[in-house]
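Each chain, written out:
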Amino acid sequence: MIGIIPSFKIASDAIRANKMRSILTMLGIIIGVGAVIIMLAVGSGARKMLEDQIASIGSNLLIVLPGASTSGGMSHGMGSQPTLTLLDAEAVEKQCPAVLYVAPVLSGVAQVVYGNQNWSTMVTGTTRGMFDLRDWSLASGRYFTGQDVRGATKVCLLGKTVVENLFGSIDPVGQVIRIQKVPFTVIGVLDEKGQSPSGQDQDDAIYVPVTTAQKKLFGTAFPGMIKVILVSAKGADYLEPAEKQITELLKQRHHIGPKQENDFTVKNLTQILGAAEKAAQIMSLLLGAIASVSLIVGGIGIMNIMLVSVTERTREIGIRMAVGARAWDIRLQFLIEALTLSLLGGIMGILMGVGVAKTISTLSGWPTLISPLSVLLAFSFSGVTGIFFGFYPAYKASLLNPISALRYE
Amino acid sequence: MALIEVKGLNKVYKSGDVEVHALRDVSLTIDLGAFIAVMGPSGSGKSTFMNMIGCLDQPTSGSYLLDGVDVGGLDGNELAEIRNKKLGFIFQGFNLLPRTKLVENVGLPMLYAGVGAQKRRQMALKALEAVGLSDKAGSYPNQLSGGQQQRAAIARALVNNAPIILADEPTGNLDTKTSYEIMKLFVRLNKDLNVTVILVTHEPDIAAFARRIIKFSDGRVTDDEEVKKT
Ligand SMILES: Nc1ncnc2c1ncn2[C@@H]1O[C@H](COP(=O)(O)OP(=O)(O)O)[C@@H](O)[C@H]1O
Ligand SMILES: [Mg+2]
């Protein structure tokens with residue numbers, strides 16, 4: 001039996017003798033392997049981004065929305081009639097043992113002015129609980145206190161983006177800004193938080209005491225009204241008990257009978273993000289389908305070209321048999337030729353996939369992650385394709401009768 | 001013991017309903033160091049006989065002992081090994097691998113004998129020297145004349161020190177002068193290395209280089225005689 005190395009040499013000679021044809025043959029594998037690489041890069045990049053975002057929002061989060069739950073699942077219930085109040089939020093915090101932090105939310109977009117600079121941003125009325133719940137630290141200054149909330153003082157905390165747009169390099173702490181013409185004293189600046197799962201800049205935000213928002217900024221349908229209550233449970237295991245406790249408490253507070261529909265909805269934020277993750281998975285699957293189809297097509301291309309090659313080289317096979325090549329020598333030669341074609345295609349596909357993945361992340365900002373494992377996986381896929389589709393032509397070559405092979409014109 | 005001993009060799013080709021008896025009851029022995037010319041009209045079974053002797057094909061019936069081994073009982077791998085170790089083939093059309101350097105062409109049998117690259121090259125160069133082609137080791141077949149290509153093919157047949165060279169019309173594609181050069185090479189190899197040479201030819205002047213002439217007609221041996229050298 002001849003060795004693997006001489007077989008590779010014979011294979012590379014044969015491939016070089018037909019450069020153009022070899023490259024065209026490899027194209028299917030190149031595209032297939034490239035797609036595998038891109039798929040895995042995009043998939044794991046998306047997963048990592050989601051994980052980062054879940055961490056940035058805060059873990060074990062529940063969200064209480066006004067209005068009955070909709071079948072869509074993703075509806076935030078915005079626009080339903082307001083039913084939640086600040087007292088509801090306080091009650092949840094005091095009476096639900098599984099709950100860790102509670103943050104009422106009353107927000108709206110508002111025009112903000114400092115000096116001659118103005119900026120339109122999301123202003124959120126909330127309590128100190130918001131920052132505990134989201135594990136959001138201060139860059140400078142202080143948080144507002146329970147006293148600020150009780151007294152509805154006109155103080156505010158700014159996100160990084162707002163500071164950059166209104167103040168530039170000036171230290172904003174102690175300065176007075178106008179939110180919808182109402183003067184607010186800046187008492188602190190929040191640390192940078194980055195993008196939210198829906199792609200919003202979380203640093204483009206101003207936080208004020210919820211009571212101040214109710215009285216001075218956003219007219220409310222009834223006193224004490226808030227839009228949303230954010231709740232964090234004491235741990236992952238407490239999410240379900242917390243959900244139950246909140247539902248029970250609010251039912252009681254809103255006087256909802258056992259047969260009546262709830263006028264609020266408790267949602268688990270991790271579930272919402274899970275839906276986004278599912279979307280990323282579907283995209284991965286789609287790319288995976290493309291990858292496997294083009295690997296199969298590429299493999300058939302290799303098989304086709306190998307069959308042509310076997311026919312073209314019938315006489316060569318006869319010569320080799322006449323000088324002592326065994327059936328397995330011939331088989332190995334063509335198998336290795338197919339393998340070389342597919343592995344070369346695999347390498348080019350990996351390079352192409354890495355290039356495209358990098359381009360995707362620079363152009364769209366969509367993160368991609370290329371793991372050594374995915375490269376190995378793609379490489380082995382191309383190898384398996386080569387062996388699988390190369391076997392039949394190689395087998396056919398080895399069955400040739402040396403005499404008729406030698407006589408072949 | 002004879003090097004080659006065939007008894008009652010028959011070969012029947014079936015194509016559809018038609019049966020062609022390419023060989024009929026051929027029996028003969030050939031000793032080591034013989035120099036034989038096989039002659040006969042076209043279609044008389046010369047190539048079929050050579051293929052049987054060369055273990056490229058199996059007879060329909062009859063026995064073939066090569067070096068005392070019954071070839072009929074061997075499997076494909078064992079036949080390949082015999083072709084590799086004991087037989088060297090030379091064809092009318094040279095049959096060198098295109099796009100492959102001469103030194104690699106000549107070393108091909110050693111490749112299938114599992115010899116390492118360095119030794120292979122060394123032996124190929126030695127064989128090329130024996131046929132006077134040392135300076136063409138790095139050339140490709142299409143850069144050589146017919147006579148040079150045939151000499152390279154002879155080098156390939158020699159490289160494994162095979163005791164038998166089988167040549168089916170080796171001079172069929174060559175002019176007279178080149179043919180004589182090739183024949184002289186065979187004579188020298190036969191004399192110096194004691195290689196058994198069996199060659200097929202139509203030309204009496206080529207056959208005249210041999211010491212024994214076997215004539216075929218319609219699949220039978222009709223004549224088998226030693227040639228008296230003057
Ligand atoms: N593979 C084959 N199939 C069918 N008939 C064959 C085959 N090979 C040879 N023959 C026939 O066998 C006979 C002998 O052929 P061959 O040995 O090639 O003759 P030669 O070499 O003396 O010209 C011819 O009639 C030829 O047509
Ligand atoms: Mg013939």
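Keep in mind that what you see is a predicted model, and the values were worked out from it rather than measured.

Novice: What should I look at first to understand the overall build of chain A in this one?
Specialist: Regarding its fold elements, chain A presents 13 helices and 10 strands. For 409 residues, the compact-globule estimate of 2.2 N^0.38 gives 22 Å, and the C-alpha radius of gyration of chain A, at 33 Å, exceeds that figure by more than 25%. Each principal axis of the C-alpha atoms in chain A carries an extent, and together these give about 105 × 55 × 30 Å. The buried share of chain A, taken over its 409 residues, is 49%. Counted over contacts in chain A with a minimum sequence separation of 6, partners at least 24 positions apart contribute 79%. Considering chain A, the positive charge centre built from 34 side chains and the negative charge centre built from 28 side chains are found 5 Å apart.

Novice: How do you make sense of helix α7 (residues 210-217) of chain A when you look at a structure like this?
Specialist: In an α-helix, one full turn covers 3.6 residues, which means residues spaced three or four apart are oriented alike. The buried count for α7 of chain A comes to 6 of 8 residues, which makes it a mostly enclosed element. Burial in α7 of chain A covers these residues: V210, T211, T212, A213, Q214 and L217 of chain A.

Novice: Please explain the interface of chain B and chain A as it appears in this structure.
Specialist: Where interface size is given, it is often the accessible area lost as the parts come together that is meant. Facing 19 residues of chain B, the contacting portion of chain A comprises 21 residues. Across the chain B/chain A interface, buried area totals approximately 1900 Å², and carbon plus sulfur atoms make up 62% of it. Where chain B touches chain A, the interface holds 1 salt bridge. Between the two partners, chain B and chain A, sit 5 residue pairs in polar contact (both at pLDDT 80 or more). Those elements that provide at least two residues to the side of chain B that touches chain A are α2 (76-86), β6 (87-91) and α3 (102-112) of chain B.

Novice: What is the right way to read empty space enclosed by the protein from this model?
Specialist: Considering all chains together, one arrives at 2 cavities of 30 Å³ or more under this definition. Roughly 80 Å³ of volume is contained in the largest cavity. For the largest cavity, the full set of lining residues is A322 and V323 of chain A together with R83, N84, L87, G88, F89, P109, R156, A157, N160 and A162 of chain B. Of all the secondary-structure elements, those providing two or more residues to the lining of the largest cavity are α2, β6 and α5 (146-158) of chain B. Top contributing element to the lining of the largest cavity by residue count: β6 of chain B, with 3 residues. Residue composition of the lining of the largest cavity, by class: 7 nonpolar, 3 polar and 2 charged.

Novice: Can you help me understand the sheet that holds strand β2 (residues 18-30) of chain B in this one?
Specialist: In any sheet, the strands associate via hydrogen bonds between backbone groups, in a parallel or an antiparallel arrangement. All names here are of chain B. Taken in spatial order, the 4 strands line up as β2-β1-β4-β5 in an open sheet, and their pairing is antiparallel. Each edge of the open sheet carries a strand with a single partner, namely β2 and β5 (69-70). Inspection of the sheet shows strand β4 (residues 61-66) paired to β5 by 2 bridges, in the antiparallel sense. Bridging across to β5, L65 finds its partner in D70.

Novice: Explain the packing of helix α11 (residues 327-364) of chain A against helix α12 (residues 372-398) of chain A to me, please; I cannot follow it from the model alone.
Specialist: Relative placement of two packed helices is described by the angle separating their axes and the distance separating the axes. Residue and element names in this part refer to chain A. One can describe the packing of α11 onto α12 by two numbers: an axis separation of 7 Å at closest approach and a directional angle of 150°. Relative to α12, α11 is oriented roughly antiparallel. At the point where α11 passes α12, the crossing takes the right-handed sense. Looking at the contact of α11 with α12 residue by residue, the classes come out as 17 nonpolar, 7 polar and 1 charged.

Novice: Please explain the packing of α3 of chain B against helix α4 (residues 117-130) of chain B as it appears in this structure.
Specialist: Residues and elements named next belong to chain B. At a minimum axis separation of 8 Å, α3 and α4 run at an interaxial angle of 115°. Considering the relative orientation of α3 and α4, their crossing is right-handed. In contact with L102, V103, V106, G107, M110 and L111 of α3, α4 contributes R120, R121, M123, A124, L125, A127 and L128. Class assignment of the residues belonging to the contact of α3 with α4 gives a composition of 10 nonpolar, 1 polar and 2 charged.

Novice: What's the story with the domain arrangement of chain A in this structure? I'm lost.
Specialist: Domain annotation of chain A identifies domain 1 (4-53 + 281-407) and domain 2 (82-262). Between domain 1 of chain A and domain 2 of chain A, the C-alpha centre-to-centre distance is 56 Å.

Novice: How should I be thinking about unusual backbone geometry in this particular structure?
Specialist: Positive phi, normally seen in glycine, also occurs at Q180 of chain A, with a value near 50°. Topologically, Q180 of chain A is positioned in the loop between β6 (176-179) and β7 (182-190). In this structure Q180 of chain A comes out as partly exposed when scored by relative accessible area, which is 33%. A positive phi angle, near 50°, is found at E169 of chain B, a position not held by glycine. By the secondary structure assignment, E169 of chain B is in the loop between β7 (164-168) and α6 (176-192). E169 of chain B sits in the buried class, given a relative accessible area of 17%.

Novice: Would you explain the nonpolar core in this entry?
Specialist: General note: in soluble globular proteins, nonpolar side chains tend to be found buried as a group. Core analysis: the biggest nonpolar cluster contains 70 residues, and I4, F49 and I198 of chain B have the highest contact counts within it. When residues of this core are assigned to their parent elements, the largest contribution, 8 residues, is made by helix α2 (residues 19-57) of chain A. Once you skip the residues sitting within four places of it in the chain, F49 of chain B turns out to touch L23, V26, L28, V38 and F216 of chain B. Judged by nonpolar contacts, the second largest core, of 68 residues, contains A91, M130, L158 and V186 of chain A.

Novice: Looking at this model, I keep getting lost on the pattern of salt bridges. Mind explaining?
Specialist: For side chains of opposite charge, pairing can occur when their charged atoms come near one another. Applying the stated rule across the entire model yields 18 salt bridges over all chains. E337 of chain A is paired through a salt bridge with R313 of chain A; the nearest N and O atoms lie 3.0 Å apart. Note that E337 of chain A is positioned in helix α11 and R313 of chain A in the loop between α9 (269-312) and α10 (314-322), a separation of 24 residues in sequence. Residue classification places E337 of chain A among the buried residues on the basis of a relative accessible area of 5%. A relative accessible area of 8% places R313 of chain A in the buried class. Through salt bridges with shared partners, a single ionic network connects K9, D13 and R16 of chain A together with E104 of chain B.

Novice: Please clarify how α6 of chain B should be interpreted in this entry.
Specialist: Residues and elements named next belong to chain B. The end-to-end C-alpha distance of α6 is 24 Å, a good match for the 24 Å that 17 residues give at a rise of 1.5 Å each. Every buried residue of α6 is accounted for by T178, S179, I182, M183, L185, F186, L189 and N190. Across the axial projection of α6, the buried residues extend over an arc of 150°, all falling on one side. The exposed residues of α6 that point more than 90 degrees off its buried face are K177, K184, K191 and D192. The backbone nitrogen of K177 has a side-chain oxygen 3.2 Å away, supplied by the residue at the start of α6, namely D175. Phi turns positive one or two residues past the end of α6, at N194, with a value near 60°.

Here is what the cut-offs are and how they apply
Residues numbered from 1 in each chain as written. Chains lettered and ligands numbered in written order. Predicted model: local features only at pLDDT ≥ 70, side-chain atom pairs only at ≥ 80, totals over all residues. Heavy atoms only, no water. Helix = DSSP H or I, 4+ residues; strand = E, 2+ residues; numbered from the N terminus. Rg over C-alpha atoms; globule rule 2.2 N^0.38 Å. Buried < 20%, exposed > 50% of the residue type's maximum accessible area, 1.4 Å probe, protein only. Contact = heavy atoms within 4.5 Å. Lys, Arg positive; Asp, Glu negative; His and termini not counted. Charge placed at Lys NZ, Arg CZ, Asp CG, Glu CD. Buried area = accessible area lost by both parts, 1.4 Å probe. Salt bridge = Lys/Arg side-chain N within 4 Å of Asp/Glu carboxyl O. Polar contact = N/O pair within 3.5 Å; in protein donor to acceptor, adjacent residues only side chain to side chain. 1 Å grid on protein atoms, 1.4 Å probe; cavity = no way out; pocket = protein on both sides within 12 Å on 5 of 7 lines; lining within 4 Å. Points joined across faces, edges and corners; volume = space filled by probe spheres on them. Nonpolar A, V, L, I, M, F, W, Y, C, P; charged D, E, K, R; others polar. Pairing = 2+ DSSP bridges. Axes fitted to C-alpha atoms, helices over the stretch in contact; angles between N-to-C directions. Parallel < 35°, antiparallel > 145°, perpendicular 65-115°, else oblique. Left-handed = near helix turned anticlockwise from the far one by under 90°. Domains from an automatic or database assignment. Core = buried A, V, L, I, M, F, W, Y, C linked by side-chain atoms within 4.5 Å. Expected span 1.5 Å × (residues − 1). Arc of directions from axis to C-beta.

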